[in-house]
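# Close look at the chain arrangement
These are the residues of each chain, in order.
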Amino acid sequence: MTTTSTQFETAARPLLAVLETVPPGSWGHPSPCAGWSARDVLDHLIGTQREFLTGRGVDLGAAPDVADDPAAAWRDHAKRVAESISDDDVVQAGYHSLLGPTTVGATFERFYVWDMVVHRWDIARAVGQDAGLTDAELDRMESGGEGFGEALHMDGVCKPAVDVPADADRAVRVLARLGRAG
């Protein structure tokens, strides 16, 4: 295993736990992501990870069908991703990103794993569940958001920060920075 695959697995397990408890009729519920249902959020997670990895030469096979069984689609996708990013050659492959030279592993850890934690909250919120965010996950959400700088609130990333009371708990403050009302 690589550091990237370990971080992916650490984020994938609680995401799957949320996905497996979504009642079938709730996948169409609106999420905190404007215009997206819970199913759309999961489709986004799968689609962006696939696009990134396949764009760097990783063969993930056919895309899973999120429409029929979203949790099964995630299980299939996550298995393929975990196998791919367990390969040192994949995670160490360099490329030139918008921010300069980097590796597949560094980008996957910095953005795609972060995205899984954030969107786990979105899906849980859409279906009335608790995402069960840990302190370590709040740390990841916070540092990931800070790492984006001004780009965090660009179109398609996060909505503008939400004002919260100064005495709000940490989860509410972190989510507010990401444009989410906790």
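Just above sits the structure.
Structural notes, computed from the coordinates. It should be emphasised that the depicted structure is a prediction, and the values quoted were computed from it without experimental measurement.

## Examining the packing of aromatic side chains
Each aromatic ring pair is summarised here by two numbers: the centre-to-centre distance and the angle between the ring planes. For the structure on display, the rule yields eight aromatic pairs. Ring centres of phenylalanine 52 and tyrosine 95 lie 5.8 Å apart, and the angle between their planes is 65 degrees; this geometry places the pair in the edge-to-face category. You can see phenylalanine 52 sitting in helix H2 (residues 38-54) and its partner tyrosine 95 sitting in strand S1 (residues 94-97), a full 43 residues away along the chain. Neither residue differs from the other here; phenylalanine 52 and tyrosine 95 are each classed as buried. In textbook terms, an aromatic cluster arises when at least three aromatic residues are bridged by ring pairs, as seen for Phe8, Phe52, Trp74, Tyr95, Phe108, Phe111, Tyr112 and Trp114. It is arginine 56 that lies over the ring of tyrosine 95; its NZ or CZ is 4.3 Å from the centre.

## Some details on helix H3 (residues 70-84)
Taking 1.5 Å per residue as the helical rise, H3 with its 15 residues ought to reach 21 Å, and the 21 Å between its terminal C-alpha atoms agrees with that figure. For H3, the full list of buried residues reads Pro70, Ala71, Ala73, Trp74, His77, Ala78, Val81, Ala82 and Ser84. The arc that holds every buried residue of H3, seen down its axis, measures 155 degrees, which confines them to one face. Residues Lys79 and Glu83 are exposed on H3 and point more than 90 degrees away from its buried face.

Reading guide: rules and limits
- Residues numbered from 1 in each chain as written.
- Predicted model: local features only at pLDDT ≥ 70, side-chain atom pairs only at ≥ 80, totals over all residues.
- Heavy atoms only, no water.
- Phe/Tyr/Trp six-rings, centres within 6.5 Å; stacked < 30°, edge-to-face > 60°.
- Helix = DSSP H or I, 4+ residues; strand = E, 2+ residues; numbered from the N terminus.
- Buried < 20%, exposed > 50% of the residue type's maximum accessible area, 1.4 Å probe, protein only.
- Lys NZ or Arg CZ within 6 Å of the ring centre and 35° of its normal.
- Expected span 1.5 Å × (residues − 1).
- Arc of directions from axis to C-beta.

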